[in-house]
Structure formats: C-alpha cells, structure tokens
Amino acid sequence: MAAPAEPRVCSVARTLDVVGEKWALLAVREVFLGNRRFDEMIRRTGAPRDTLTARLRTLVDAGILQRRQYSDHPPRFEYHLTAAGQDLYPVILTLLRWGDEHLAGSDGPPLILDHHCGHRLIPQVSCQACGEVVDPADTARRFPTSS
C-alpha cells in the first residue's frame, strides 16, 4: 500500500495563505489604484466591512501593507504598500491580463492601463536573465537539495 502523499512545500501555497482570498487581492488592487482609505475600499470592492477589516489586518501583519494615520479626531488610517506589497504588482497585472483575455466579454476590459511609452500595457512574464517571454514548455523544475 502506498504511503499518503505529503502536501507539497510550495511558495505558491505560502503566498496564497496571505493573499489568496478574493478580498485581500482586491484590497491590494485598490491601493495600487490610489484608493488607500477603508471607506473607499469598501465602495470599490463591495467587501463586507468586517471581512475587509480582517483582510487588511492580515496584509498589514504580513508586511504587505502599512497603516498610516491621517486624522486624529477621530483616528483614521490609510494603507500604503510596503516593498513586499509593491512586489505584488506583477501578480495583479497578470490576473488583470488573464481576466481581460478570458472574461471581459463583448464590452471589452473595464480598465485599460497605458505604459509611459504611450502604448497600452499588456503584461507578460519574461525571464529576468535573457528577457525571453516565459512559456511553460521552456522551463525545467528542480528542487534544491537539503544541506
């Protein structure tokens, strides 16, 4: 009888533990779009208040967002991306592109991003070393050996 498989130790799974819930990624999206205040995030995401509160707390605790007070009376805070949060931009862009290609429908994408070069931004994943667009068939898996 075969032994039960162990869950794979994986950076994707670790990342999803932090940002893999819909409201977490939508909160990050809103901060990228310049909406840093809680009430604006509620309006733009449609998230229940208690759910968004919990997701923002998780993102702050994970070092993705930072709370900054902007009002004393009453105390109010806005959210800013940390360096780790900024590193999620390619993830947001890739999800945006996938949704534009596979879910936009006849009306087209609801949001278009333009790059500073003057063209529409169509994100793609490329190899940092050689610059080639990454295709799954052109990658090989390897697992580091334990020391």
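Here is a short report on the structure shown in this document. From a predicted model like this one, the values you see are computed outputs, not experimental measurements.

Cut-offs used in this document
Residues numbered from 1 in each chain as written. Predicted model: local features only at pLDDT ≥ 70, side-chain atom pairs only at ≥ 80, totals over all residues. Heavy atoms only, no water. Helix = DSSP H or I, 4+ residues; strand = E, 2+ residues; numbered from the N terminus. Rg over C-alpha atoms; globule rule 2.2 N^0.38 Å. Buried < 20%, exposed > 50% of the residue type's maximum accessible area, 1.4 Å probe, protein only. Contact = heavy atoms within 4.5 Å. Disulfide = S-S within 2.5 Å. Pairing = 2+ DSSP bridges. Salt bridge = Lys/Arg side-chain N within 4 Å of Asp/Glu carboxyl O. Axes fitted to C-alpha atoms, helices over the stretch in contact; angles between N-to-C directions. Left-handed = near helix turned anticlockwise from the far one by under 90°. Nonpolar A, V, L, I, M, F, W, Y, C, P; charged D, E, K, R; others polar.

Tallying secondary structure elements over the chain gives six helices and two strands in all. When its helices and strands are written in sequence order, the chain yields α-α-α-α-β-β-α-α. Its C-alpha atoms give the chain a radius of gyration of 19 Å, more than 25% over the compact-globule value 15 Å for 147 residues. The C-alpha extent of the chain, read off along each of the three principal axes, is 60 × 45 × 30 Å. Residue burial in the chain is summarised as follows: out of 147 residues, 23% are buried. Sequence-distant contacts, at least 24 apart, represent 40% of the contacts inside the chain between residues at least 6 apart.

Our next topic: the state of the cysteines. On inspection of all chains with the given rule, the structure shows zero disulfides. No disulfide involves Cys 10; its nearest neighbouring cysteine sulfur is the one of Cys 127, lying 20 Å away. Judged by relative accessible area, Cys 10 falls into the partly exposed class, the value being 25%.

What follows deals with the pairing of strand E1 (residues 65-71). Note that E1 and strand E2 (residues 76-81) share six bridges and pair antiparallel. Across the sheet, the residue bridging to Arg 67 is Tyr 79, located in E2. As consecutive antiparallel partners, E1 and E2 are separated by four residues.

Throughout the structure, instances matching the rule amount to eight salt bridges. A salt bridge links Glu 40 to Arg 43; its shortest N-O distance comes to 2.6 Å. Linking Glu 40 with Arg 43, this pair stays in helix H3 (residues 38-45), spanning three residues, or about one helical turn. With relative accessibility at 18%, the residue Glu 40 sits in the buried group.

Turning our eyes to something else, we now look at unusual backbone geometry. In this model, His 73 is joined to Pro 74 through a cis peptide bond whose omega is -10°. Position of Pro 74 relative to the elements: it lies in the loop between E1 and E2.

Closest axis-to-axis distance for the helix H2 (residues 22-32)/H3 pair is 10 Å, and the angle between their directions is 115°. Seen from above, H2 lies across H3 with right-handed handedness. Residues Trp 23, Leu 26, Ala 27, Arg 29, Glu 30 and Val 31 of H2 pack against Met 41, Arg 44 and Thr 45 of H3. Looking at the contact of H2 with H3 residue by residue, the class counts come to five nonpolar, one polar and three charged.

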